[in-house]
Amino acid sequence: MNYNDLFVGRKAMGIIMKCPYCSSVESKVTDSRPTEDNMKIRRRRECIKCGGRFTTYECIEHAPLIVVKKDKTRQPFDRNKMLNGLLRACEKRNVSINALEKIVDDIEYYYANKLRKEISSKELGEKALEYLKNLDDVAYVRFASVYREFADIDSFMQELKNFKKEG
């Protein structure tokens, strides 16, 4: 079986990659290389129709990690949801998006290596706080204030005191 057979097969299944500029499904790979962490393959593509260039990433698909929420409902881990939470915590801080993406990658990798299928949202939040603590103090406090849902100013102040003791 050659590449074109695979492409047609994927196309028949509805799995197609469209150009972000013109929506054409015909593109060619101009460059492939591993990412810095060797966890993904970065591919530069060029659309055959419009000539637009775009980047795709290929990674190993792991069994989905399920997050058990406080109300005991379960939902698949959503890396974008975690990244958005970290972005909000780091708003107007000197923290790069690459650093935040690496945190999410590291957390995903950490739990994939533990071979766990389910994790509580509490444990997930605590793991994110571990990374933020070493990255930015203000982002840590912001994330903790939302994640830990402080009931009053006293519980917030206690968290700050604990943070200063540990730091």
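In every chain, residue numbers begin from 1 and rise along the written sequence. Since the coordinates come from a predicted model, pLDDT governs what is reported: local features require at least 70, and pairs of side-chain atoms require 80 or more to be given and counted, while whole-chain, interface and lining totals use all residues. To obtain the side-chain values, all non-hydrogen atoms of the structure were used and water was disregarded.

A. The arrangement of the sheet that holds strand β2 (residues 40-47) in detail. Two strands pair under a simple rule: DSSP has to find at least two bridges between them. Secondary structure counts use DSSP, requiring at least four H or I residues in a row for a helix and at least two E residues in a row for a strand, with both numbered from the N terminus. Ordered in space as β1-β2-β3, the three strands form an open sheet in which the pairing is antiparallel. Every other strand in the sheet has two partners, leaving β1 (27-34) and β3 (53-59) as the edge strands with one partner each. On average, each strand axis in the sheet is inclined to that of its neighbour by 25°, with strand direction left out of account. By the bridge criterion, seven bridges tie β2 to β3 in an arrangement that is antiparallel. From the neighbouring strand, K40 faces β3, where its bridge partner is C59. All axes are obtained by fitting lines to C-alpha atoms, using only the stretch in contact for helices, and the reported angles, taken between N-to-C directions, cover 0 to 180 degrees.

B. How the structure looks around the side chain of D105. Mapped onto the elements of the fold, D105 is located in helix α3 (residues 97-113). Within the structure, D105 has its side chain in polar contact with the side chain of K40 (distance 3.3 Å). Whenever two N or O atoms come within 3.5 Å, that pair is a polar contact, provided that in protein one can donate a hydrogen and the other can accept it, and provided that, for residues adjacent in sequence, both atoms are side-chain atoms.

C. Quick look at the pairing of β2. Direction of pairing for β1 relative to β2: antiparallel, over a ladder of seven bridges. Pairing of D31 across the sheet is with R44, part of β2. Counting the residues in the hairpin turn of β1 and β2 gives five residues, including N38, whose phi is positive at 60°. Hairpin remark: β2 followed by β3, antiparallel, with five residues in the connecting loop; positive phi at G51, about 80°.

D. Representation of the side chain of R45 in the model. Secondary-structure assignment places R45 in strand β2. Relative accessibility under 20% of the residue-type maximum defines a buried residue, over 50% an exposed one, and the middle range a partly exposed one, all with a 1.4 Å probe and only protein chains included. Only four residue types enter the tally: Lys and Arg on the positive side, Asp and Glu on the negative side, with His and both chain ends excluded. Definition used for salt bridges: Asp or Glu carboxyl oxygen within 4 Å of a side-chain nitrogen of Lys or Arg. Summary of buried charges: R45 has no salt-bridge partner, and the nearest side chain of opposite charge, E58, is 5.8 Å away. When neighbours within four sequence positions are excluded, R45 is seen to be in contact with M17, S27, K28, V29, T30, G52, R53, F54 and T56. Whether two residues touch is decided by their heavy atoms; if any such pair falls within 4.5 Å, the residues are in contact.

E. Structural view of the sheet that holds strand β5 (residues 74-76). Pairing within the open sheet is mixed, and its three strands lie in the order β5-β4-β6. This sheet does not close on itself; its edge strands, each paired only once, are β5 and β6 (118-120). On average, each strand axis in the sheet is tilted by 35° relative to the strand beside it, whichever way the strands run. Helix α4 (residues 121-135) rests against β4 (66-68) and β6 of the sheet, and its axis sits at about 75° to β6.

F. Broad picture of the confidence of the model for the chain. Per-residue confidence from the predictor is reported as pLDDT, a score between 0 and 100. For the chain, per-residue confidence averages 83 on the pLDDT scale, and residues scoring 70 or more make up 84% of the total. Mean pLDDT values for the elements of the chain range from 40 in helix α1 (residues 3-12) up to 94 in β5. Overall, residues 1-14 carries pLDDT values under 50, and its contacts beyond four positions in sequence, including any with other chains, amount to seven contacts.

G. Representation of the environment of V95. Along the chain, V95 turns up in the loop between α2 (79-89) and α3. Taking relative accessible area as the criterion, V95 reaches 18% and is therefore assigned buried. Considering only alpha carbons, one finds V95 and D136, 41 residues apart in sequence, at a separation of 7.7 Å. V95 has contacts with C90, L100, L135 and D136, leaving out every residue within four places of it along the chain.

H. Looking closely at the packing of α2 against α3. Where α2 contacts α3, the axes come no closer than 10 Å and their chain directions differ by 135°. What the angle tells us is that α2 and α3 run oblique. In this structure, α2 meets α3 at a crossing whose hand is right-handed. Every residue of α3 that contacts α2 at R79, M82, L83, L86 and L87 is listed here: I97, L100, E101, I103, V104, D105, I107 and E108. When residue character is reported, Ala, Val, Leu, Ile, Met, Phe, Trp, Tyr, Cys and Pro are called nonpolar, Asp, Glu, Lys and Arg charged, and the others, Gly included, polar. Of the residues in the contact of α2 with α3, the class split is nine nonpolar, no polar and four charged. For classification, angles of less than 35 degrees are called roughly parallel, those exceeding 145 degrees roughly antiparallel, those between 65 and 115 degrees roughly perpendicular, and all remaining angles oblique. In a left-handed crossing the near helix is turned counterclockwise from the far helix by less than a right angle, and in a right-handed crossing that turn is clockwise.

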